[in-house]
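# Structure at a glance
Listed below are the residues making up each chain.
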Amino acid sequence: MRKQLTNYLVVFCALIWVQQARAQITVTGRVIDSLTGEALGGATVSLLQSSLSTTTNETGNYSISVPVGNSTLAISYIGYQSTTVEVGNRTTVDVVLVKADAALDEVVVVGYGTTKEVNLTGSVSVVNNKDINWKQVGQTSMALQGVAPGVTITQGSGQPGNDAGTIRIRGLGTLGAAGQDPLVLVDGVEMGLNNIDPNDIETISVLKDAASAAIYGSRAANGVILVTTKRARSNKIAVNYNTYAGWQKPTNLPKLVSGLDHMLLLNEANQNVNQSPTFQESYIEAYRENAPSDLYPNTDWQTLTLTSSGFMHNHSLDISGGSDFIKVRASFNHLNQGGLIPNTGYRRSSLRVNTDLKASDKLGFKLDIRGNDAFVFEPGIAPAHIFFLMNGRIPANQEGLLSDGRYGQGWLGENPMAAANASGRSDERTYSAIINLQADWKPIDGMNINVMYSPEVSSGMNKLFRKTYQTFYGDGRLAYSYPAINSLTQTNPFNRQDNFRVLLDYARGVQQHNFKVLGGFELIDSYAESFNARRENFVLQDYPVLNAGSRENQQANGAGGTEYGLMSFFGRLNYDYAEKILFEANLRYDGSSRFAKGNRFGLFPSFSAGWRLSEEPFLQDVDIIDNLKVRASWGQLGNQNIGDYPFVSAVDLSQSYIFNESAVQAAALTQLGNNLISWETTEMLNVGLDATLFNKLSLTAEYYVRNTKDILLELPIPGAVGLGAPYQNAGKVRNKGWDISLNHFNTIGDFNYNVRLTLSDVKNEIVDLEGTGPYISGSTIRMEGYPIDAFFGYQSQGLFQTAEEVAAHAALSSGASAPGDIKYVDQNGDHVINADDRVVLGSNIPRYTYSADLTASFKGFDLNVFLQGVGKVEGYLQGSGVWAFDTGGTAYMHHLDRWTPENPNASYPRLTFGLTNNYQHSDYWMINGAYLRVKNIQLGYTLPQRILGNGFIKNFRITASGQNLLTFDNFLDGFDVEIPRGSIERYPIVKIYSFGLNVNF
């Protein structure tokens, strides 16, 4: 009996245990910011009074099992007020966290450290990962376009691997060889921005004024971009996979006239200049009856050549996790981007491993390793030239592809279809690796010593094999072998850079007085060299190996062996009183091997101050003001990017001379050196205002003056010297401008939205050329009082309408005018139109650049829309694509609206052939380059947790995206307004349609 009772008791207890075990529910939800609706990844969600806890993933979602009944969840996140939530019988619990007061003190990465955002006194724009990682671009620089006020990014090509943006921060600061590119540092090490996968980026800080950038001294004259990569956040293992695939197409292509219209218009052009027609009427009639055919072609060169889909796909995988002592985040990225024409593309694979090791409470280490393999390939004839051929160089009445599949003659053997498919290959492969090893030691409270060593190595293998292909006449006869001789050129560059740095910072507070001091030493050593070889006459065109070519005319050259070093001492002092009165001072002392002894070292100081009025008693009771700060800064920066040995009068060993009727290698002095040259110096004044209102609206406004002096120029010297002019510190340039950014965020029920607007302007001016100039180059000029490379030429007054009007006007020195020609203004009234009548016409430096970043989410749906544009800029187009029959080319559809006596109000002058009257540099060919573009748009949907359940997939999101979808402008049809200058010899910017997937495990 006792045994039975025991058995019953055991069974009863087991049933109770089973019941309790079953009385568990899985609670899922999402943690977001109360103001912006932004997902808070890494928030801790725990069951109160237990050891159960979890963390939210990158999209803010979590899942946790809790007992049925009165369970309570505790949610916490750095910088936010912790909260608790009663679960009850709910299975979905979304949590909204409110920023703590300290959240205004969000940490911002600055030079060699971090600071609280409210304590910033310089001009720093912060770009978070969420601002860029949704943009599906091949080059990271393009993801930055428009997101930071005062930062202008332009794209000159859509070719895979060569579609990076050109970055300019607050105007153009120099005239000479020192360059305009900003300094880019990734985790403290100089690196190209486009070598980083956007998914690896945590934040980007753009240092725009001298106060924030002076700590980098001689490398910071054009601004500084600081990139911080992601690291493992918690001990829990997390796996994230992001991918997208899409297709590309040109944003715009010129529209060419047909073969028949080409002949008719060219005959009209000949007739207008009293020349015999190129095409006889009998041939034109035969063409009407027989085209299209091999003998009478009507070739659509664009359709014939643009045979690739531009398919591209990208994959990013990252794994992170660890323990209290070691944390690791490893990521792998692969991008494969095809081109619009055959044999064109870009492939990039990169691996990054970021490791954090905690040896003790006072000692820690970081070891970051990155490897990159980039491969750009294109036809043996450059894609830009192929687009030039198909977009107007060759008329439609030339043979393209014969009926038997052979290539038509094109233009003197140049056939864009043959060039894309059969001209060989150009392969550029670059391998790079970098190690970043750091140690942090905290000997006493408030002090940290950081030691870093980072070597970087890159090497390349570039091969250009130019095949010979054959083209044929319409009757089948061989026309050309192009080029006449095949060839292979191979180049192998090598670069190494070592960076050693020591930092010591100490922070201490005394009552309401807070001090922070930073001191450092940095040593950079760089070396570069390359080797190239060339051979011709390869019998086997499918075997592009140097040994297979003829030894006759072979070449072998070494280049480089150049090196430079930079040694620097620097320091910074920060002081604040109750985080209300702010002050910062920076000082850097740089020594560069690029200058001669006595001029190698330069001192670059900066000072800045701020006042948080919102902390004053007289504003404490003003509820609408959450934060209000005014600030001002002044500082000096340097520019040492002038080449490695500009002060030396070097002997050139690559010269050739004829001795005894034979060419021999020789050496000669070709250019003078100047051992007195020193730094270009940029001095900048900046004033700013930061405000947060209604707890939902933030505003930043700034005004700056940026003066650059001692610009390195090659000023003219007497020709009798017989050598190239040396560099001299001479020029001065000024940039004045302002930046405004406005951000509004709100949450209405389940609907969250954020609107960020930016507007910037900069006015550029050459102040001093040391009494020289002006310097005229084609359609541009450099002259005191005007922007750098301003447009220069004749002012126009429309078109001549009658012979009497031509006779009464000043005569054009370069040729006789006629009705339908452009009428130029006689500026000096001497009744002759010549070079003395040219004036400055405008500038291609963008004014009033703006952007709008719109984000919204509702339940599982999210929408991102990014608009970008320019309010004022002059475009200037010339050559093929603008001028009819330029260099023997064809005409375009817009040329149909040409001047004739019956069409006096035409947009294009009368057609001519062989005359330059209408092709002078003038404002007639200037076009308004202002535009608004839908740069990026993405619609996403995240599956709810109730569908995903408690499985291994924590988050599942699908996206549909577009890039460069719509553009609003008044630019010339067929040309992309983002490239408002030049001709048709370029690879076009592309639209991208893509679909993506984000999965978190």
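How each quantity is defined
Residues numbered from 1 in each chain as written. Predicted model: local features only at pLDDT ≥ 70, side-chain atom pairs only at ≥ 80, totals over all residues. Heavy atoms only, no water. UniProt positions renumbered as here; feature names shortened; annotations may be inferred. Axes fitted to C-alpha atoms, helices over the stretch in contact; angles between N-to-C directions. Helix = DSSP H or I, 4+ residues; strand = E, 2+ residues; numbered from the N terminus. Parallel < 35°, antiparallel > 145°, perpendicular 65-115°, else oblique. Left-handed = near helix turned anticlockwise from the far one by under 90°. Contact = heavy atoms within 4.5 Å. Nonpolar A, V, L, I, M, F, W, Y, C, P; charged D, E, K, R; others polar. Patch = residues over 30% accessible without salt bridge, like charges linked within 9 Å, V, L, I, M, F, W, Y side chains within 5 Å. Areas by Shrake-Rupley, 256 points an atom, 1.4 Å probe, with all protein chains shown as cover. Salt bridge = Lys/Arg side-chain N within 4 Å of Asp/Glu carboxyl O. Buried < 20%, exposed > 50% of the residue type's maximum accessible area, 1.4 Å probe, protein only. Core = buried A, V, L, I, M, F, W, Y, C linked by side-chain atoms within 4.5 Å. Pairing = 2+ DSSP bridges. 1 Å grid on protein atoms, 1.4 Å probe; cavity = no way out; pocket = protein on both sides within 12 Å on 5 of 7 lines; lining within 4 Å. Points joined across faces, edges and corners; volume = space filled by probe spheres on them. Phe/Tyr/Trp six-rings, centres within 6.5 Å; stacked < 30°, edge-to-face > 60°. Lys NZ or Arg CZ within 6 Å of the ring centre and 35° of its normal. Polar contact = N/O pair within 3.5 Å; in protein donor to acceptor, adjacent residues only side chain to side chain.

The protein goes by TonB-linked outer membrane protein, SusC/RagA family in an unreviewed UniProt entry, where it is assigned to Parapedobacter koreensis. What the UniProt record of the protein gives under Subcellular location (unreviewed entry) is the line "Cell outer membrane". Recorded in UniProt for the protein, the comment headed Sequence similarities (unreviewed entry) runs: "Belongs to the TonB-dependent receptor family."

The next point concerns the packing of helix H5 (residues 259-272) against helix H6 (residues 281-290). It is the contact of H5 with H6, at a shortest axis distance of 10 Å, that shows an interaxial angle of 165°. Taken together, the axis directions place H5 and H6 in an arrangement best described as roughly antiparallel. Pair H5 / H6 crosses with left-handed handedness. Residue-level inspection shows Gly-259, Leu-260, Met-263, Leu-264 and Asn-267 of H5 in contact with H6, the latter providing Tyr-283, Ile-284, Tyr-287 and Arg-288. Broken down by class, the residue content of the contact of H5 with H6 amounts to 6 nonpolar, 2 polar and 1 charged.

Turning our eyes to something else, we now look at a nonpolar patch on the surface. A surface patch of nonpolar side chains, amounting to about 850 Å² of accessible area, comprises Val-451, Tyr-453, Phe-500, Leu-523, Met-567, Phe-569, Leu-587, Tyr-589, Phe-601 and Leu-603. Within the secondary structure, Leu-603 is located in strand S30 (residues 601-612). Judged by its relative accessible area of 47%, Leu-603 is partly exposed.

Residues Phe-885 and Trp-925 are the most contacted members of the largest nonpolar core, which totals 71 residues. The residues contacting Phe-885, other than those within four sequence positions of it, are His-262, Leu-265, Leu-266, Ala-269, Thr-890, Ala-891, Leu-911, Thr-912 and Phe-913. Judged by nonpolar contacts, the second largest core, of 27 residues, contains Val-127, Ile-132, Ile-167 and Phe-866.

Now for the sheet that holds strand S45 (residues 839-842). Read from one edge of the open sheet, 4 strands run S38-S39-S40-S45, paired in antiparallel fashion. Strand pairing shows two members of the sheet lacking a second neighbour, strand S38 (775-777) and S45, which therefore form its edges. Sheet twist, expressed as the mean angle between neighbouring strand axes with direction ignored, is 45°. Relative to strand S40 (residues 790-793), strand S39 (residues 780-782) runs antiparallel, the two being bridged by 2 bridges. Pairing of Ile-781 across the sheet is with Ala-790, part of S40.

On to empty space enclosed by the protein. It is the rolling of a water-molecule-sized probe over the atoms that shows where space remains empty. The tally for this structure, following the rule as stated, stands at 6 cavities of 30 Å³ or more. When its volume is computed, the largest cavity comes out at roughly 180 Å³. Together, 17 residues line the largest cavity, and Gly-974, Phe-975, Asp-976, Arg-986 and Pro-988 are the ones closest to its centre.

With that settled, consider the packing of aromatic side chains. Counted according to the given criterion, the structure contains 27 aromatic pairs. On the basis of an interplanar angle of 35° and a centroid distance of 5.4 Å, the ring pair of Phe-375 and Phe-377 is categorised as tilted. When sorted by exposure, Phe-375 lands in the same class as Phe-377, which is buried. Following the ring pairs from residue to residue traces out a cluster consisting of Trp-883, Tyr-908, Tyr-919, Tyr-924 and Trp-925. The aromatic ring of Phe-472 is capped on one face by Arg-406, whose charged end is 4.3 Å from the ring centroid. Between the NZ or CZ atom of Arg-429 and the centre of the ring of Phe-375, over which it lies, the distance is 4.9 Å.

The 3 strands are arranged S49-S48-S52 in an open sheet whose pairing can be described as mixed. The open sheet terminates on both sides in strands that have one partner only, identified here as strand S49 (926-928) and strand S52 (981-982). Sheet topology note: the strand S48 (residues 874-877)/S52 ladder contains 2 bridges and is parallel. Considered in S52, the bridge of Leu-877 is made with Gly-982.

As a further point, take the pattern of salt bridges. Inspection of the entire model under this criterion finds 44 salt bridges. For the salt bridge of Lys-358 with Asp-361, the shortest nitrogen-to-oxygen distance reads 3.5 Å. Given a relative accessible area of 68%, Asp-361 falls into the exposed group. Via salt bridges that share partners, Arg-170, Lys-208, Lys-629, Arg-631, Asp-690, Glu-702 and Asp-739 belong to a single interconnected network.

Tracing the backbone shows Arg-756 in strand S37 (residues 751-768). The exposure class assigned to Arg-756 is buried, which follows from its relative accessible area of 16%. A distance of 3.3 Å separates a polar atom in the side chain of Arg-756 from a polar atom in the side chain of Asp-131. Polar contacts involving the side chain of Arg-756 include one to the side chain of Asp-853, which spans 2.7 Å. In this structure Arg-756 touches Asp-131, Val-147, Leu-742, Asn-743, Ser-851, Ala-852 and Asp-853, once residues within four positions along its chain are discounted.

Of the voids in this model, the second largest pocket is the one considered here, and its volume is about 1,200 Å³. Around the second largest pocket, the lining is made up of 42 residues, and of these Glu-190, Met-191, Gly-192, Leu-193 and Asn-195 lie nearest the centre. For the lining of the second largest pocket, the secondary structure elements donating two or more residues are strand S12 (165-169), strand S13 (183-186), strand S21 (363-379), strand S22 (424-441), strand S23 (447-466), strand S26 (487-510), strand S27 (513-536) and strand S31 (625-639).

Ala-291 connects to Pro-292 through a cis peptide bond whose omega is -5°. Locating Pro-292 in the fold gives a position in the loop between H6 and helix H7 (301-305).

Inspection of the secondary structure puts Lys-597 in the loop between strand S29 (581-592) and S30. Exposure remark for Lys-597: the relative accessible area of 72% places this residue in the exposed category. C-alpha of Lys-597 to C-alpha of Leu-676: the two residues are 79 residues apart in sequence and 9.1 Å apart in space.

Bringing the environment of Tyr-892 into the picture now. For Tyr-892, the location among the structural elements is in the loop between S48 and S49. Owing to a relative accessible area of 1%, Tyr-892 belongs among the buried residues under this scheme. C-alpha separation for the pair Tyr-892 and Ala-484, spaced 408 residues apart in sequence, amounts to 31 Å. With near-sequence residues (within four places) excluded, Tyr-892 lies in contact with Pro-254, Lys-255, Leu-256, Val-257, Asn-391, Gly-392, Ser-880, Gly-881 and Ile-984.

With 10 of its 11 residues buried, helix H8 (residues 383-393) lies for the most part within the structure. Of the residues making up H8, those classed as buried are Pro-383, His-385, Ile-386, Phe-387, Phe-388, Leu-389, Met-390, Asn-391, Gly-392 and Arg-393. Contact partners of the buried residues in H8: H7, S21 and helix H9 (416-422).

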